[in-house]
Amino acid sequence: MACVLETPLRMSVLSEVTASSRHYVDRLFDPDPQKVLQGVIDMKNAVIGNNKQKANLIVLGAVPRHGSSWNTSRTPSSTLKGLSYHPMLLYLLQQETSSTELRTECAVVLGSLAMGTENNVKSLLDCHIIPALLQGLLSPELKFIEACLRCLRTIFTSPVTPEELLYTVRMQALKCFSVLAFENPQVSMTLVNVLVDGELLPQIFVKMLQRDKPIEMQLTSAKCLTYMCRAGAIQTDDNCIVLKTLPSLVRMCSKERLLEERVEGAETLAYLIETDVELQRIASITDHLIAMLSDYFKYPSSVSAITDIKRLDHDLKHAHELRQAAFKLYASLGANDEDIRKKIIETENMMDRIVNGLSESSIKVRLSAVRCLHSLSRSVQQLRTSFQDHAVWKPLMKVLQNAPDEVLVVASSTLCNLLLEFSPSKEPILESGAIELLCSLTQSENLALRVNGIWALMNMAFQAEQKIKADILQGLSTEQLFQLLSDSDVNVLMKTLGLLRNLLSTRPHIDQIMSSHGKQIMQAVTLILEGEHNIEVKEQTLCILANIADGTTAKELIMTNDDILQKIKYYMSHSNAKLQLAAMFCISNLIWNEEEGKRDSYFYVLSWTESIVKTKSFQGREWQMLGSSTMILRSRCKCSK
């Protein structure tokens, strides 16, 4: 639309245009930037509080040359004088070559003009001032941003600004807030304290959740509140979350909503409740949500295939998105509560849907199906029943053979649960060649995959037969095992120590492994005990030593190593009770030996223990545990005589 004023108004004020008004406009086209800046400043001073002067300036050159619409992107400098002065101000405001001061002054003048008559606002709107000012908000210059915001506020509060435009801008602002708040605690904490006309911003978002508001506005407001909550700016038990945001998102999952809205509602709700047990419980009993989600798997429906080709095409396009959204929300719902997991699995054809989802062509559906399976695999009961009945380990192993890292991470986490000692799936997984797969994961550059690979091997080695332990050591290789022990990530180190501890259990197994790998294991133990590691790492390492000490022949690797014995002695007098007890456990196992020739060494170890208990100050339960451990050691020495 051209930047023109109504003819009667234009004719009535043309006669009043003064030479000075023309002077202000002409200076905007001066080739000297400083003169242009001064011209804008003078114009600002002239129009402040002077509606007549504002009207004069609006009329000057109001019709662009040839009556064409204004388009700065294709306006050559030779024709700039064909622009009216306010398009020229907009042109200068948007030019990157304009100084920040000039752009700011242009925004101030435009804001002043908008404070004039309603016709002024209409003229500015016709020249597409809103996009130009919104673009200005992306500037790094605070003063310029403030000037743009003041001008926008003036235009938006005018009664002539179309409601459609106001809604569009509100939605853009809402979307901007949601993007800013997502996983950003600092911004979220700032937003939660923002006051708008005496109301906090979250309260305004809550009002936008009302059912009489457009669905797009309800959804985006719910996103804003969700992201602020997940960022820690709003408590999960706040009424605006429990009584407003969560129910609104559940409502978006109902059949009455468009498919796109149901997808967005389910995904946002999944994110809101993902880490909070109480929100998961509340959501699970709100509007029969668990049963409601089963409808997400019924697209495209047979009815639409027969009666409406357009609807069929629409359903096909959204079917994948619906399934992945449902799996994602089921995963969040069942993350912690056993009763909720039971309800999910009892939903119509649920396990079959998950199994089918694992083999879908869509990566998003596969990933969400694996997440759902991972959530449900935390249930001991379901591992023993539904998971076994549907042999879910088979499609899961196929997923692990060839998938992107983001899918592999969740799938390998699920496999860790399926390899727990009480899982019936453990044996068939072992027979399917899982050891080789898991050993390869420990070499991944992806940290999460390394952790999951070693974690699964640790679960696999727990109370395993000697052959399985030997296969793990062979598949992993000594070199890789000790590379994992030197990994910079503490989670990898802890799981590797856990694997070693599980491998070094049962006397024959301990002796067998230490006879072939003893030297390297003792070196690794020494380095860890000497290194700058946390209490948990050193405690786990001492427990490995205790297991070695429980071997028949393996304990000689400790008894003949004075360096290790001195370290055990050191940790027996450590200030941390966990390390004291772990060291005492080592001593207890070392004492238990029936060979007469080793008696002196064992009594020497016992003397350390007794001297430490006598000289060190212990309190309460620590003293009782250490004292009782010393009595156990003494009784073992007597038995060895």
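Residues numbered from 1 in each chain as written. Predicted model: local features only at pLDDT ≥ 70, side-chain atom pairs only at ≥ 80, totals over all residues. Heavy atoms only, no water.

**Some details on the packing of aromatic side chains**
Keep this limit in mind: Pairing of aromatic rings covers Phe, Tyr and Trp, the last counted by its six-membered ring, and requires centre-to-centre distances within 6.5 Å; plane angles under 30 degrees mean stacked, over 60 mean edge-to-face, and any other angle means tilted. Numbering goes from the N terminus for both helices and strands, where a helix is a DSSP run of H or I of at least four residues and a strand is a run of E of at least two. Note on classification: 1.4 Å probe, protein chains only; a residue is buried when its accessible area is under 20% of the maximum for its type, exposed when over 50%, partly exposed between these limits.
One pass over the structure, following the stated rule, counts six aromatic pairs. On the basis of an interplanar angle of 65 degrees and a centroid distance of 5.1 Å, the ring pair of Phe297 and Phe327 is categorised as edge-to-face. With Phe297 in the loop between α17 (289-293) and α18 (302-307) and Phe327 in helix α19 (residues 309-333), this residue pair connects regions lying 30 residues apart in the sequence. Using a relative accessible area of 14% as the deciding quantity, one classes Phe297 as buried. Judged by its relative accessible area of 1%, Phe327 falls in the buried class.

**Examining the environment of Ile363**
For the record, the criterion: Contact definition: two residues touch when any of their heavy atoms are within 4.5 Å.
By the secondary structure assignment, Ile363 is in helix α22 (residues 363-376). We classify Ile363 as partly exposed; its relative accessible area is 28%. Distance in space between the C-alpha atoms of Ile363 and His320 is 9.8 Å, their sequence separation being 43 residues. Ile363 has contacts with Pro404, Glu406 and Val407, leaving out every residue within four places of it along the chain.

**Digging into helix α30 (residues 466-476)**
This is how the line gets drawn: The directions considered for the arc are those from the helix axis to the C-beta atoms.
Taken together, the buried positions of α30 are occupied by Ile468, Lys469, Ile472, Leu473 and Leu476. For α30, the buried positions fall inside an angular range of 135 degrees around the axis, keeping them on one side. For α30, the exposed residues lying more than 90 degrees away from the buried face are Lys467 and Gln474. Residues of α30 that are buried sit in contact with α27 (426-431), α28 (434-441), α29 (447-461), α31 (478-485), α32 (490-503) and α33 (507-530).

**Points about helix α20 (residues 338-345)**
Applicable threshold: Two N or O atoms form a polar contact when they lie within 3.5 Å of each other; inside protein one atom must be a possible hydrogen donor and the other a possible acceptor, and for residues adjacent in sequence the pair counts only when both atoms belong to side chains.
Listed as buried for α20 are Ile340, Arg341, Ile344 and Ile345. Buried residues of α20, seen end-on, are gathered within an arc of 135 degrees and therefore sit on one face of the element. The N-capping residue of α20, defined by a side-chain oxygen 2.9 Å from the backbone nitrogen of Asp339, is Asp337.

**Side note on the confidence of the model for the chain**
Keep this limit in mind: pLDDT measures how confident the predictor is about each residue, on a scale from 0 to 100.
Averaged over all residues, the pLDDT of the chain equals 84, while 82% of them reach at least 70. Here residues 1-17 scores under 50 on pLDDT; set against residues more than four positions off or in separate chains, the count is 35 contacts. Counting interchain partners and residues more than four positions distant, the pLDDT-below-50 stretch residues 61-84 has 33 contacts.

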